[in-house]
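Listed below are the residues making up each chain.
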Amino acid sequence: MRYFETRFLKEADEFVAKLDKKSAKKVFYNIDLAEQTNDPKLFKKLNKEIWEFRSLYLGNQNRLLAFWDKTETTATLVLATHGFIKKGDKVPISEIEKAERIRKEYFLIKKNSKK
């Protein structure tokens, strides 16, 4: 059973495309696992709206930030906004703010396209 379906927005796609093949494979594997389980080691809430997909490979902490779109009737979507390699203990505020900006833009475009 899948709890949600993940879609990549442009910057998330570009981030994964730049990773080496094995790191990218690990990211996709962990996202697939996160869709089927409720494991905070793989998919963790950062604040009210933003979550992170977590993937560790060869010492690199690859992160994809994401948000939920529950407006669709057919599927619960999680949209990955962008990715980065985490260097410290905490996710930088600038990365969370970037994800929040992308989220607002996404819903604004979605709202305007339905008019």
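Throughout, a residue's number is its position along its own chain's written sequence, starting from 1. Where totals are concerned, whole chains, interfaces and linings use all residues; where local detail is concerned, this predicted model gives features only for residues with pLDDT of at least 70, and gives and counts side-chain atom pairs only at 80 or more. Only hydrogens and water are set aside; all other atoms, that is, all heavy atoms of the structure, feed into the side-chain values.

(A) Representation of the pattern of salt bridges within the structure. Salt bridge criterion: a side-chain nitrogen from Lys or Arg within 4 Å of a carboxyl oxygen from Asp or Glu. Summed over the entire model, instances satisfying the criterion amount to 10 salt bridges. The partner of glutamate 49 in a salt bridge is lysine 48, and the shortest N-O contact between them spans 4.0 Å. The buried label goes to any residue with under 20% of its type's maximum accessible area, the exposed label to any with over 50%, and the partly exposed label to all in between, with areas taken from a 1.4 Å probe on protein chains only. A residue is classified by how much of its surface remains accessible, and glutamate 49, at 29% relative accessible area, is partly exposed. Note that lysine 110 and aspartate 69 form a salt bridge whose closest N and O atoms lie 2.6 Å from each other. Pair noted here: lysine 110 is in helix H3 (residues 93-113) and aspartate 69 is in strand E4 (residues 60-69), with a separation of 41 residues, a long-range link. Segments assigned H or I by DSSP are reported as helices when at least four residues long, segments assigned E as strands when at least two residues long, and all are numbered from the N terminus.

(B) Region of interest: the packing of aromatic side chains. Side-chain rings of Phe, Tyr and Trp (the six-membered ring for Trp) are treated as a pair once their centres are within 6.5 Å; stacked means planes under 30 degrees apart, edge-to-face means over 60, and tilted covers the remaining angles. This model, assessed by the stated rule, comprises 11 aromatic pairs. Consider the rings of phenylalanine 4 and tryptophan 68, whose centres lie 5.1 Å apart with planes at 70°: the pair is edge-to-face. In this pair, phenylalanine 4 is assigned in the segment before strand E1 (5-8) and tryptophan 68 in strand E4, connecting sequence segments 64 residues apart. Exposure remark for phenylalanine 4: the relative accessible area of 5% places this residue in the buried category. A relative accessible area of 22% means that tryptophan 68 is categorised as partly exposed. Ring centres of phenylalanine 43 and tryptophan 68 lie 5.9 Å apart, and the angle between their planes is 55°; on these two criteria the pair is classed as tilted.

(C) Region of the structure containing the nonpolar core. Definition used in this section: a nonpolar core is a set of buried Ala, Val, Leu, Ile, Met, Phe, Trp, Tyr and Cys residues joined via side-chain atoms within 4.5 Å. Core analysis: the biggest nonpolar cluster contains 17 residues, and Phe43, Phe53 and Leu64 have the highest contact counts within it. Contributions of two or more residues to this core are made by helix H1 (10-18), helix H2 (21-36), strand E3 (51-57), E4 and strand E5 (77-86). Top element by residues in this core is H2. It accounts for four residues. Non-local contacts of leucine 64, meaning those with residues more than four positions away in its chain, are made with Phe8, Ala12, Phe15, Val16, Val27, Ile31, Trp51, Glu52, Phe53, His82 and Gly83. One finds Ile50, Phe84, Val91 and Ile96 within the second-largest nonpolar core, a separate group that totals 10 residues. The contact definition used throughout considers only heavy atoms, calling two residues in contact when any of these lie within 4.5 Å.

(D) Quick look at the environment of asparagine 62. Tracing the chain through its elements places asparagine 62 in strand E4. For the pair asparagine 62 and threonine 73, spaced 11 residues apart in sequence, the C-alpha separation works out to 31 Å. If sequence neighbours within four positions are ignored, asparagine 62 has contacts with Phe15, Leu19, Ser23, Val27, Phe53, Arg54, Ser55, Phe84 and Ile85.

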